[in-house]
Protein chains: 2
Amino acid sequence: MALPHATSGQVIDVRPLGDKMTEAVSHALFKAEQLELIRLVLPRGKGMPEHAVQGAVTIQCLEGSIEVHAHQKTQRLQAGELVYLAGGEPHAVQAVDNASVLLTILLAHNGNHGFAGNALTQSEMAHRAS
Amino acid sequence: MALPHATSGQVIDVRPLGDKMTEAVSHALFKAEQLELIRLVLPRGKGMPEHAVQGAVTIQCLEGSIEVHAHQKTQRLQAGELVYLAGGEPHAVQAVDNASVLLTILLAHNGNHGFAGNALTQSEMAHRAS
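The written sequence of each chain sets the order in which its residues are numbered from 1. Chains carry letters from A onward and ligands carry numbers from 1 onward, assigned in written order. pLDDT decides what is reported in this predicted model: residues at 70 or higher carry local features, side-chain atom pairs at 80 or more are listed and counted, and totals for whole chains, interfaces and linings draw on all residues regardless. Each side-chain value is derived from all of the structure's non-hydrogen atoms; neither hydrogens nor water enter the calculation.

Visitor: Before we go on, may I ask you to explain the pairing of strand 6 (residues 65-70) of chain A in this structure?
Guide: The side chains of a regular strand alternate, first on one face of the sheet and then on the other. All names here are of chain A. Relative to strand 7 (residues 73-78), strand 6 runs antiparallel, the two sharing 6 bridges. Across the sheet, His69 pairs through a bridge with Thr74, a residue of strand 7. DSSP calls a pair of strands paired once it identifies at least 2 bridges connecting them. For helices the rule is a DSSP run of H or I covering at least 4 residues; for strands it is a run of E covering at least 2, with both sets numbered from the N terminus onward. Two successive antiparallel strands, strand 6 and strand 7, enclose a turn made up of 2 residues, where His71 displays a positive phi of approximately 55°. Bridge count between strand 6 and strand 9 (residues 91-95): 5 bridges; the pairing is antiparallel. From the neighbouring strand, Ala70 faces strand 9, where its bridge partner is His91.

Visitor: Honestly, the nonpolar core in this entry has me stumped. Any pointers?
Guide: Where a protein is soluble and globular, its nonpolar side chains tend to be buried together. Nonpolar cores were defined as sets of buried Ala, Val, Leu, Ile, Met, Phe, Trp, Tyr and Cys residues, with membership established by side-chain atoms within 4.5 Å. For every residue, the accessible area (1.4 Å probe, protein chains only) is compared with the maximum for its type, and the residue is labelled buried under 20%, exposed over 50%, or partly exposed between those bounds. A:Phe30, A:Leu35, B:Phe30 and B:Leu35 are the most contacted members of the largest nonpolar core, which totals 26 residues. In this description, contact between two residues means that some pair of their heavy atoms is separated by no more than 4.5 Å. If sequence neighbours within four positions are ignored, A:Leu35 has contacts with A:Phe30, A:Thr104, A:Ile105, A:Leu106, A:Leu107, B:Ala56, B:Thr58, B:Tyr84 and B:Leu106.

Visitor: Just to check I follow, could you spell out the pattern of salt bridges for this structure?
Guide: Side chains bearing opposite charge may pair, as long as their charged atoms lie close to each other. Residues and elements named next belong to chain A. Within this document, salt bridges are pairs made up of a side-chain nitrogen of Lys or Arg and a carboxyl oxygen of Asp or Glu, the two lying within 4 Å of each other. Here the structure, examined in full by the defined rule, presents 6 salt bridges over all chains. Of the charged contacts, one joins Arg76 and Glu67 as a salt bridge, the two residues approaching to 3.2 Å between their closest N and O atoms. The exposure class assigned to Arg76 is partly exposed, which follows from its relative accessible area of 47%.

These figures capture arrangement, not role.
Written out as C-alpha coordinates, the structure reads:
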(Lines give C-alpha, C1' and ligand atoms only; values in the text may rest on other atoms or scores of the structure.)
Protein backbone atom coordinates (compact mmCIF):
# COMPACT_ATOMS: atom_id res chain seq x y z
CA MET A 1 0.00 0.00 0.00
CA ALA A 2 1.48 3.34 -1.00
CA LEU A 3 0.13 5.54 1.75
CA PRO A 4 2.35 8.63 2.01
CA HIS A 5 4.32 8.88 5.21
CA ALA A 6 3.07 11.41 7.70
CA THR A 7 4.96 14.57 8.43
CA SER A 8 6.11 14.88 11.99
CA GLY A 9 4.07 17.68 13.56
CA GLN A 10 0.98 16.90 11.50
CA VAL A 11 -2.33 17.42 13.33
CA ILE A 12 -4.90 14.64 12.86
CA ASP A 13 -8.62 14.91 13.52
CA VAL A 14 -10.00 11.99 15.51
CA ARG A 15 -13.17 13.71 16.73
CA PRO A 16 -16.40 11.76 16.48
CA LEU A 17 -17.90 11.90 13.00
CA GLY A 18 -21.46 12.09 14.28
CA ASP A 19 -23.96 12.53 11.46
CA LYS A 20 -21.16 12.29 8.90
CA MET A 21 -20.50 8.69 9.86
CA THR A 22 -22.94 7.33 7.31
CA GLU A 23 -20.91 8.92 4.50
CA ALA A 24 -17.52 7.92 5.88
CA VAL A 25 -15.43 4.83 5.24
CA SER A 26 -12.49 3.30 7.03
CA HIS A 27 -9.24 5.01 6.09
CA ALA A 28 -5.64 5.36 7.11
CA LEU A 29 -4.97 8.58 9.03
CA PHE A 30 -1.25 8.30 8.57
CA LYS A 31 1.64 5.93 8.40
CA ALA A 32 5.06 6.65 9.80
CA GLU A 33 8.15 4.54 10.23
CA GLN A 34 7.11 3.10 13.56
CA LEU A 35 3.34 3.27 13.59
CA GLU A 36 0.19 3.56 11.56
CA LEU A 37 -3.12 5.13 12.59
CA ILE A 38 -6.37 4.05 10.99
CA ARG A 39 -9.93 5.21 11.57
CA LEU A 40 -12.32 2.32 11.19
CA VAL A 41 -15.89 3.30 10.39
CA LEU A 42 -18.18 0.43 11.34
CA PRO A 43 -21.92 0.49 10.82
CA ARG A 44 -23.82 -1.46 13.45
CA GLY A 45 -23.23 -5.18 13.07
CA LYS A 46 -20.18 -4.77 10.84
CA GLY A 47 -16.61 -5.41 11.88
CA MET A 48 -13.31 -7.05 11.17
CA PRO A 49 -13.02 -10.83 11.24
CA GLU A 50 -10.39 -12.39 13.43
CA HIS A 51 -6.84 -11.59 12.37
CA ALA A 52 -3.49 -10.83 13.94
CA VAL A 53 -0.71 -8.35 13.32
CA GLN A 54 2.90 -8.64 14.31
CA GLY A 55 3.13 -5.45 16.36
CA ALA A 56 1.16 -4.34 19.39
CA VAL A 57 -2.07 -2.44 18.75
CA THR A 58 -4.45 -0.21 20.64
CA ILE A 59 -8.11 -0.09 19.65
CA GLN A 60 -9.80 3.10 20.86
CA CYS A 61 -13.56 3.52 20.49
CA LEU A 62 -14.14 7.12 19.35
CA GLU A 63 -17.94 6.96 19.17
CA GLY A 64 -20.69 4.39 19.34
CA SER A 65 -19.73 1.06 20.86
CA ILE A 66 -17.88 -2.02 19.73
CA GLU A 67 -17.11 -5.50 20.90
CA VAL A 68 -13.52 -6.70 20.80
CA HIS A 69 -12.92 -10.43 20.93
CA ALA A 70 -9.45 -11.52 22.01
CA HIS A 71 -7.94 -13.85 24.58
CA GLN A 72 -11.06 -16.05 24.53
CA LYS A 73 -13.28 -13.25 25.75
CA THR A 74 -15.46 -10.51 24.30
CA GLN A 75 -15.33 -7.04 25.82
CA ARG A 76 -17.57 -4.11 24.99
CA LEU A 77 -15.92 -0.71 24.53
CA GLN A 78 -17.81 2.56 24.70
CA ALA A 79 -16.57 5.86 23.31
CA GLY A 80 -13.46 6.84 25.26
CA GLU A 81 -12.31 3.34 26.07
CA LEU A 82 -9.41 1.54 24.51
CA VAL A 83 -7.90 -1.89 24.66
CA TYR A 84 -4.25 -2.82 24.30
CA LEU A 85 -3.35 -6.04 22.50
CA ALA A 86 0.11 -7.53 22.38
CA GLY A 87 1.64 -8.24 18.99
CA GLY A 88 0.45 -11.45 17.39
CA GLU A 89 -2.72 -11.70 19.47
CA PRO A 90 -5.66 -12.72 17.26
CA HIS A 91 -8.61 -10.38 17.61
CA ALA A 92 -11.91 -9.49 15.98
CA VAL A 93 -13.96 -6.31 16.19
CA GLN A 94 -17.70 -5.82 15.72
CA ALA A 95 -19.81 -2.68 16.01
CA VAL A 96 -22.66 -2.88 18.53
CA ASP A 97 -23.86 0.55 17.43
CA ASN A 98 -22.59 2.64 14.53
CA ALA A 99 -19.04 3.28 15.63
CA SER A 100 -15.75 4.79 14.65
CA VAL A 101 -12.54 3.46 16.05
CA LEU A 102 -8.93 4.65 16.21
CA LEU A 103 -6.50 1.81 15.54
CA THR A 104 -2.88 2.45 16.46
CA ILE A 105 -0.67 -0.25 14.97
CA LEU A 106 3.00 -0.56 15.79
CA LEU A 107 4.87 -1.54 12.69
CA ALA A 108 7.57 -4.12 12.24
CA HIS A 109 10.95 -2.70 11.32
CA ASN A 110 10.38 -3.29 7.65
CA GLY A 111 7.59 -0.73 7.82
CA ASN A 112 4.94 -3.34 7.18
CA HIS A 113 2.07 -4.41 9.35
CA GLY A 114 3.66 -7.80 9.59
CA PHE A 115 0.26 -9.43 9.38
CA ALA A 116 0.31 -12.86 10.91
CA GLY A 117 -2.33 -15.53 10.94
CA ASN A 118 -5.33 -14.58 8.84
CA ALA A 119 -3.53 -11.80 7.09
CA LEU A 120 -5.60 -8.94 5.73
CA THR A 121 -4.30 -6.08 3.68
CA GLN A 122 -5.66 -2.70 4.59
CA SER A 123 -7.83 -2.61 1.50
CA GLU A 124 -9.23 -6.03 2.37
CA MET A 125 -9.82 -4.79 5.88
CA ALA A 126 -11.62 -1.68 4.70
CA HIS A 127 -13.64 -3.79 2.30
CA ARG A 128 -14.66 -6.27 4.95
CA ALA A 129 -15.36 -3.49 7.39
CA SER A 130 -17.65 -1.62 5.04
CA MET B 1 10.13 3.27 37.23
CA ALA B 2 8.47 0.02 38.25
CA LEU B 3 5.15 0.42 36.51
CA PRO B 4 3.62 -3.05 36.09
CA HIS B 5 3.35 -4.20 32.52
CA ALA B 6 -0.14 -4.14 31.10
CA THR B 7 -2.03 -7.30 30.38
CA SER B 8 -2.93 -7.75 26.75
CA GLY B 9 -6.69 -7.37 26.52
CA GLN B 10 -6.85 -4.82 29.30
CA VAL B 11 -9.47 -2.09 28.82
CA ILE B 12 -8.30 1.45 29.59
CA ASP B 13 -10.55 4.43 30.28
CA VAL B 14 -9.52 7.54 28.36
CA ARG B 15 -12.86 9.35 28.62
CA PRO B 16 -12.75 13.01 29.56
CA LEU B 17 -12.43 13.52 33.31
CA GLY B 18 -14.74 16.53 33.33
CA ASP B 19 -15.35 17.80 36.86
CA LYS B 20 -12.94 15.20 38.26
CA MET B 21 -10.03 16.85 36.49
CA THR B 22 -9.23 19.11 39.42
CA GLU B 23 -8.61 16.07 41.64
CA ALA B 24 -6.63 14.13 39.04
CA VAL B 25 -2.90 14.04 38.38
CA SER B 26 -0.85 12.84 35.45
CA HIS B 27 -0.35 9.10 35.53
CA ALA B 28 0.76 6.17 33.45
CA LEU B 29 -2.16 4.20 32.05
CA PHE B 30 0.01 1.24 31.18
CA LYS B 31 3.37 0.20 29.93
CA ALA B 32 3.96 -2.72 27.62
CA GLU B 33 7.01 -3.95 25.81
CA GLN B 34 6.58 -1.70 22.81
CA LEU B 35 4.61 1.25 24.07
CA GLU B 36 3.54 3.26 27.06
CA LEU B 37 0.33 5.26 27.49
CA ILE B 38 0.17 8.20 29.87
CA ARG B 39 -2.69 10.53 30.74
CA LEU B 40 -1.37 14.02 31.37
CA VAL B 41 -3.62 16.21 33.49
CA LEU B 42 -2.73 19.83 32.85
CA PRO B 43 -4.40 22.74 34.60
CA ARG B 44 -4.62 25.86 32.45
CA GLY B 45 -1.19 27.37 31.94
CA LYS B 46 0.70 24.26 33.03
CA GLY B 47 2.60 21.94 30.78
CA MET B 48 5.75 20.04 30.01
CA PRO B 49 8.94 21.91 29.17
CA GLU B 50 10.73 21.07 25.97
CA HIS B 51 12.14 17.56 25.90
CA ALA B 52 12.62 14.72 23.44
CA VAL B 53 12.16 10.98 23.55
CA GLN B 54 13.79 8.39 21.37
CA GLY B 55 10.64 6.79 20.00
CA ALA B 56 7.79 8.32 18.05
CA VAL B 57 4.90 9.76 20.06
CA THR B 58 1.32 10.79 19.52
CA ILE B 59 -0.22 13.51 21.68
CA GLN B 60 -4.03 13.32 21.72
CA CYS B 61 -6.04 16.05 23.40
CA LEU B 62 -8.87 14.31 25.29
CA GLU B 63 -10.51 17.44 26.72
CA GLY B 64 -9.80 21.14 27.00
CA SER B 65 -7.16 22.50 24.68
CA ILE B 66 -3.39 22.51 24.54
CA GLU B 67 -0.59 24.04 22.56
CA VAL B 68 2.14 21.79 21.24
CA HIS B 69 5.41 23.39 20.24
CA ALA B 70 7.61 21.39 17.87
CA HIS B 71 9.36 21.96 14.56
CA GLN B 72 9.65 25.70 15.29
CA LYS B 73 5.91 26.16 15.39
CA THR B 74 3.12 26.13 17.97
CA GLN B 75 -0.14 24.37 17.14
CA ARG B 76 -3.31 24.38 19.20
CA LEU B 77 -5.12 21.08 19.68
CA GLN B 78 -8.74 20.80 20.75
CA ALA B 79 -10.34 17.73 22.23
CA GLY B 80 -10.29 15.01 19.58
CA GLU B 81 -7.18 16.18 17.78
CA LEU B 82 -3.80 14.54 17.93
CA VAL B 83 -0.35 15.25 16.66
CA TYR B 84 2.30 12.75 15.62
CA LEU B 85 5.94 13.50 16.37
CA ALA B 86 8.86 11.50 15.06
CA GLY B 87 11.31 10.04 17.54
CA GLY B 88 13.87 12.50 18.85
CA GLU B 89 11.85 15.59 17.93
CA PRO B 90 12.00 18.13 20.78
CA HIS B 91 8.56 19.28 21.87
CA ALA B 92 6.79 21.15 24.64
CA VAL B 93 3.15 21.07 25.72
CA GLN B 94 1.11 23.75 27.50
CA ALA B 95 -2.55 23.75 28.51
CA VAL B 96 -4.59 26.63 27.10
CA ASP B 97 -7.60 25.49 29.15
CA ASN B 98 -7.71 22.77 31.78
CA ALA B 99 -6.87 19.73 29.69
CA SER B 100 -6.19 16.06 29.76
CA VAL B 101 -4.02 14.46 27.15
CA LEU B 102 -3.30 10.91 26.01
CA LEU B 103 0.39 10.39 25.30
CA THR B 104 1.31 7.27 23.35
CA ILE B 105 5.05 6.71 23.49
CA LEU B 106 6.81 4.07 21.43
CA LEU B 107 9.54 2.53 23.49
CA ALA B 108 13.08 1.71 22.54
CA HIS B 109 13.86 -1.98 22.51
CA ASN B 110 15.32 -1.87 25.98
CA GLY B 111 11.83 -1.01 27.22
CA ASN B 112 12.88 2.48 28.24
CA HIS B 113 11.63 5.79 26.98
CA GLY B 114 15.05 6.46 25.62
CA PHE B 115 14.77 10.09 26.67
CA ALA B 116 17.10 12.25 24.65
CA GLY B 117 17.96 15.90 25.05
CA ASN B 118 16.44 17.35 28.18
CA ALA B 119 15.65 14.00 29.65
CA LEU B 120 12.79 13.80 32.13
CA THR B 121 11.83 10.78 34.12
CA GLN B 122 8.11 10.15 34.33
CA SER B 123 8.03 11.29 37.93
CA GLU B 124 9.80 14.50 36.97
CA MET B 125 7.34 14.93 34.19
CA ALA B 126 4.36 14.39 36.44
CA HIS B 127 5.88 16.76 38.94
CA ARG B 128 6.50 19.47 36.40
CA ALA B 129 3.09 18.94 34.87
CA SER B 130 1.26 19.32 38.16
